Amino acid sequence: MSEKLPRPSGRARRLAGSASAVILLIGLSACQTSGPSDITGSLGDTAEATPAPADPRRDIATYHERVRANPKDTDAALKYARALRATGQRAQAVAVMEQAVLAQPSNKALLAGYGRALADNGNFQQAFDVLGRAHTPEDPDWRILSAQGAVLDQLDRHDEARQYYASALKIVPDDPSVLSNVGLSYLLSKDLPKAEETLRRARERAPDDMRVRTNLAVVVGLQGRQSEAETIMKADLPPEQGSANVAALKRLLARRDASRNDQDKIPVAASRRD
């Protein structure tokens, strides 16, 4: 699965980018109490083991100093890049990880972090290639397989993406983060009923995962069942947070309505998707 992929067409890039932007919009707006989501819930943070920073701006200063003192400090490089991404400095995160990988080109944790940063920055083909170096067929990492699938989805190669998700699920059957990725893959290919079915499976296994809940609400809302989508978004939450989530969902669906006549905007299936 490590072959080079052709560059996607301009329309494919616009379609994937538009859908990703939609997922990002809802993630950033709806999850403020638990921290912002990353680009497309489908990439996830599990491709790298570094936890989300509680105070990313403070971490930027802390880990910048550690990396400057020791360029081969793997933990510091990963946490520095993670904090940069958390504050929207994605290109800088790529630069940090690139330097770290140059210093330790065989370090698989750094390669995974570098691929993750590249994907966050929209460098999808390069991200796929780098992630392929972060593990081996003899010792596969299900998190990286899932991240590779997410990148392939961004390249509009959905059937291939699902092969990677299937490989990940052989290692961790019914893992909700992988199932969520699969659901988003179906969304991007405009198979909304299949996306909903898969995301409901993910939610059954992770009912408190806000990202999974958000993805499911998006898919339900895009099928015109806005009231049901709003119920999903606010279930079991404090009233203020539930209201904020519903408001974010309404903004998303309004954006869908505004772009309905543009085939390169949010993909929606007529009869049957950061």
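A.B. asks: How should the confidence of the model for the protein be read in this particular structure?
C.D. replies: The predicted coordinates of low-pLDDT regions are not to be read in fine detail. Summing up the model confidence of the protein, the mean pLDDT is 78 and the portion of residues at 70 or higher is 73%. In the model, residues 1-42 has pLDDT below 50 throughout and makes 100 contacts with residues more than four positions away in sequence or in other chains. Under a pLDDT of 50 for its full length, residues 44-50 has, in the predicted model, 21 contacts with residues more than four places off or in other chains.

A.B. asks: Could you clarify how one ought to interpret the pattern of salt bridges in this entry?
C.D. replies: Pairing of side chains with opposite charge becomes possible as their charged atoms draw close. A complete count under the given rule lists 16 salt bridges for this structure. For the salt bridge of Arg66 with Asp75, the shortest nitrogen-to-oxygen distance reads 3.5 Å. We classify Arg66 as partly exposed; its relative accessible area is 33%. Two residues, Glu196 and Arg225, come together in a salt bridge whose shortest N-O distance is 2.8 Å. Taken as a pair, Glu196 in helix H11 (residues 192-205) and Arg225 in the loop between helix H12 (210-222) and helix H13 (226-234) lie far apart in primary sequence, 29 residues in all. Three or more residues are tied together by salt bridges with common partners; here these are Arg66, Asp73, Asp75 and Lys79.

A.B. asks: Which parts of the structure should I look at to understand the packing of aromatic side chains?
C.D. replies: Both the distance between ring centres and the angle between the ring planes are used here to describe each pair of aromatic rings. In this structure the tally under the stated criterion is one aromatic pair. Plain terms: the ring middles of Phe128 and Tyr164 are 5.8 Å apart, the flat faces sit at 80° to each other, and that makes the pair edge-to-face. In this pair, Phe128 is assigned in helix H7 (residues 124-132) and Tyr164 in helix H9 (residues 158-171), connecting sequence segments 36 residues apart. On the basis of relative accessibility, which here comes to 3%, the residue Phe128 falls in the buried class.

A.B. asks: Any chance you could explain the packing of helix H10 (residues 176-188) against H12 here in plain terms?
C.D. replies: Between H10 and H12, the least distance of the axes is 10 Å, while the angle of their chain directions is 25°. Viewed along their axes, H10 and H12 adopt a mutual orientation that is roughly parallel. Crossing of H10 against H12: the hand is left-handed. Together, Pro176, Ser180, Leu184 and Leu187 of H10 and Val212, Asn215, Val218, Val219 and Leu222 of H12 make up the contact between the two elements. Of the residues contributing to the contact of H10 with H12, the split by class is seven nonpolar, two polar and no charged.

A.B. asks: Hey, could you run me through unusual backbone geometry in this one?
C.D. replies: Negative phi is the rule for most residues except glycine; trans is the rule for most peptide bonds. In this model, Asp174 sits at a positive phi of 60°, which is unusual for a non-glycine residue. For Asp174, the position within the fold is in the loop between H9 and H10. Since its relative accessible area comes to 31%, Asp174 is described here as partly exposed. Positive phi is not limited to glycine here, since Lys190 has a value of about 75°. Relative to the elements of secondary structure, Lys190 occurs in the loop between H10 and H11. On the basis of relative accessibility, which here comes to 30%, the residue Lys190 falls in the partly exposed class.

A.B. asks: Please explain the nonpolar core as it appears in this structure.
C.D. replies: Note on soluble globular proteins: their nonpolar side chains tend to be buried together. Grouped together as the largest cluster of nonpolar side chains are 63 residues, with contacts concentrated most on Tyr80, Met97, Leu110, Tyr114, Val151 and Leu187. Each residue touching Tyr114, except ones within four places of it in the same chain, is listed here: Val94, Met97, Glu98, Val101, Gln126 and Val130.

A.B. asks: Please clarify how the packing of helix H8 (residues 142-154) against H9 should be interpreted in this entry.
C.D. replies: The axes of two packed helices give the description: the angle between them and the distance between them. The contact between H8 and H9 brings their axes to 8 Å, and the two run at 165°. Classified by the angle their axes make, H8 and H9 are roughly antiparallel. Viewed along their axes, H8 and H9 form a crossing whose handedness is left-handed. Here H8 contributes Trp142, Leu145, Ser146, Gln148, Gly149, Ala150, Leu152 and Asp153 to the contact with H9, which in turn contributes His158, Glu160, Ala161, Tyr164, Tyr165, Ser167, Ala168 and Ile171. Of the residues belonging to the contact of H8 with H9, the class tally is nine nonpolar, five polar and two charged.

A.B. asks: Help me out: how do you make sense of the side chain of Asp153 in this one?
C.D. replies: As for its position among the elements, Asp153 is in helix H8. Look at Asp153: it is buried, it has no salt bridge, and the nearest opposite charge is Arg162 at 5.2 Å.

A.B. asks: Honestly, helix H3 (residues 56-69) in this entry has me stumped. Any pointers?
C.D. replies: Each α-helix winds once per 3.6 residues, and so residues spaced three or four apart point in a common direction. For H3, with 14 residues, the first-to-last C-alpha span of 20 Å sits near the 20 Å given by 1.5 Å per residue. Looking only at H3, the buried set comprises Pro56, Asp59, Ile60, Tyr63 and Val67. Here the buried residues of H3 occupy an arc of 105° about the axis, which is enough to place them on one side. What points out from H3, more than 90 degrees from its buried face, is the exposed set Arg57, Arg58, Arg68 and Ala69. Among the structural elements, helix H4 (74-86) are those in contact with the buried residues of H3.

Calculation notes
Residues numbered from 1 in each chain as written. Predicted model: local features only at pLDDT ≥ 70, side-chain atom pairs only at ≥ 80, totals over all residues. Heavy atoms only, no water. pLDDT = per-residue confidence, 0-100. Contact = heavy atoms within 4.5 Å. Salt bridge = Lys/Arg side-chain N within 4 Å of Asp/Glu carboxyl O. Buried < 20%, exposed > 50% of the residue type's maximum accessible area, 1.4 Å probe, protein only. Helix = DSSP H or I, 4+ residues; strand = E, 2+ residues; numbered from the N terminus. Phe/Tyr/Trp six-rings, centres within 6.5 Å; stacked < 30°, edge-to-face > 60°. Axes fitted to C-alpha atoms, helices over the stretch in contact; angles between N-to-C directions. Parallel < 35°, antiparallel > 145°, perpendicular 65-115°, else oblique. Left-handed = near helix turned anticlockwise from the far one by under 90°. Nonpolar A, V, L, I, M, F, W, Y, C, P; charged D, E, K, R; others polar. Core = buried A, V, L, I, M, F, W, Y, C linked by side-chain atoms within 4.5 Å. Lys, Arg positive; Asp, Glu negative; His and termini not counted. Expected span 1.5 Å × (residues − 1). Arc of directions from axis to C-beta.

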